[in-house]
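Now for the letters of each chain:
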Amino acid sequence: MNPYTIFTEIINGQAPSSKVYEDDDVCAFMDIRPVTPGHVLVVPKIPAESLADLDPALGGKLFQVGQRIAAALRASEVAAHGVNFFLADGVMAGQEVFHVHLHVIPRTPGDGFGLRARPTSPKRADLDYLAGSIRGALDR
Ligand code: 5GP
């Protein structure tokens, strides 16, 4: 797949954006279709289509910048009362732009944002079984 998406154009200044932060590795800009006012995307400058392709050090940097932006969303006129991080990895997870990015979503009372889910209550044996399977796959 072509590693260049609209985010590369934004990073290179070839497409318009409202930038919030930039350094050698990472760029952060306002989401063009915010789910709440102040919704920011944090993006590595080197394109990686998915988490599996992302240099873990760069992943750490995304999180660090996300932390700083979260604090700024609370301290700025956005006046966030809380913040959600969201990252969609893969079509099934809702990824639409195939250049890894961290959503930093400010939360205020009554903002209408939420995740739909139906939590279950599995037996401990089932949790242990899957934990073992995941542990076994960690170093593969
Ligand atoms: P995903 O579903 O891949 O996690 O999220 C992609 C995000 O990129 C969406 O929230 C969408 O609004 C945002 N987006 C798509 N195209 C553009 C664009 O051209 N500029 C900006 N700033 N955001 C974009």
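The residue numbering used here restarts from 1 in each chain and proceeds along that chain's sequence as written. Since the coordinates come from a predicted model, pLDDT governs what is reported: local features require at least 70, and pairs of side-chain atoms require 80 or more to be given and counted, while whole-chain, interface and lining totals use all residues. In computing side-chain values, all of the structure's heavy atoms are included and hydrogens and water are not.

- Per an unreviewed UniProt entry, the recorded name for the protein is HIT family protein, and the organism is Nocardia camponoti.

### Structural notes on the pattern of salt bridges
Okay, so step 1: Salt bridges are defined as contacts in which a side-chain nitrogen from Lys or Arg sits within 4 Å of a carboxyl oxygen from Asp or Glu. Applying the stated criterion to the full structure yields five salt bridges.
Okay, so step 2: Across the salt bridge formed by lysine 19 and glutamate 22, the nearest N and O atoms sit 4.0 Å from each other.
Okay, so step 3: Each residue is placed in one exposure class: buried if its accessible area under a 1.4 Å probe, protein chains only, is under 20% of its type's maximum, exposed if it is over 50%, and partly exposed if it falls in between. Looking at lysine 19, the relative accessible area reads 37%, which means it is partly exposed.
Okay, so step 4: Between glutamate 22 and lysine 45 there is a salt bridge; the shortest N-O distance is 2.9 Å. Here glutamate 22 is found in strand β1 (residues 19-22), whereas its partner lysine 45 is found in the loop between β3 (40-44) and α2 (56-75), with 23 residues between them in sequence.
Okay, so step 5: For glutamate 22, a relative accessible area of 40% corresponds to the partly exposed category.
Okay, so step 6: On the basis of relative accessible area, lysine 45 is assigned to the partly exposed category, the value being 24%.
Okay, so step 7: In the salt-bridge network here, residues are joined through shared partners; they are Lys19, Glu22 and Lys45. Numbering of helices and strands runs from the N terminus, with a helix taken as a DSSP run of H or I at least four residues long and a strand as a DSSP run of E at least two residues long.

### With respect to the environment of glycine 59
Okay, so step 1: Mapped onto the secondary structure, glycine 59 falls in helix α2.
Okay, so step 2: C-alpha separation for the pair glycine 59 and valine 43, spaced 16 residues apart in sequence, amounts to 9.6 Å.

### Some thoughts on the sheet that holds strand β5 (residues 102-107)
Okay, so step 1: Across the sheet, five strands lie side by side as β1-β2-β3-β5-β4; this open sheet has antiparallel pairing. Edge strands, defined here as strands with exactly one partner in the open sheet, are β1 and β4 (82-86). For this sheet, the mean angle separating the axes of adjacent strands, direction not counted, is 20°.
Okay, so step 2: Summarising the sheet, β4 and β5 pair through five bridges and their orientation is antiparallel. Considered in β5, the bridge of glycine 82 is made with arginine 107. Two strands qualify as a pair provided that DSSP identifies no fewer than 2 bridges between them. All axes here are fitted lines through C-alpha atoms, helices being fitted over the stretch that makes contact, and every angle between N-to-C directions spans 0 to 180 degrees.

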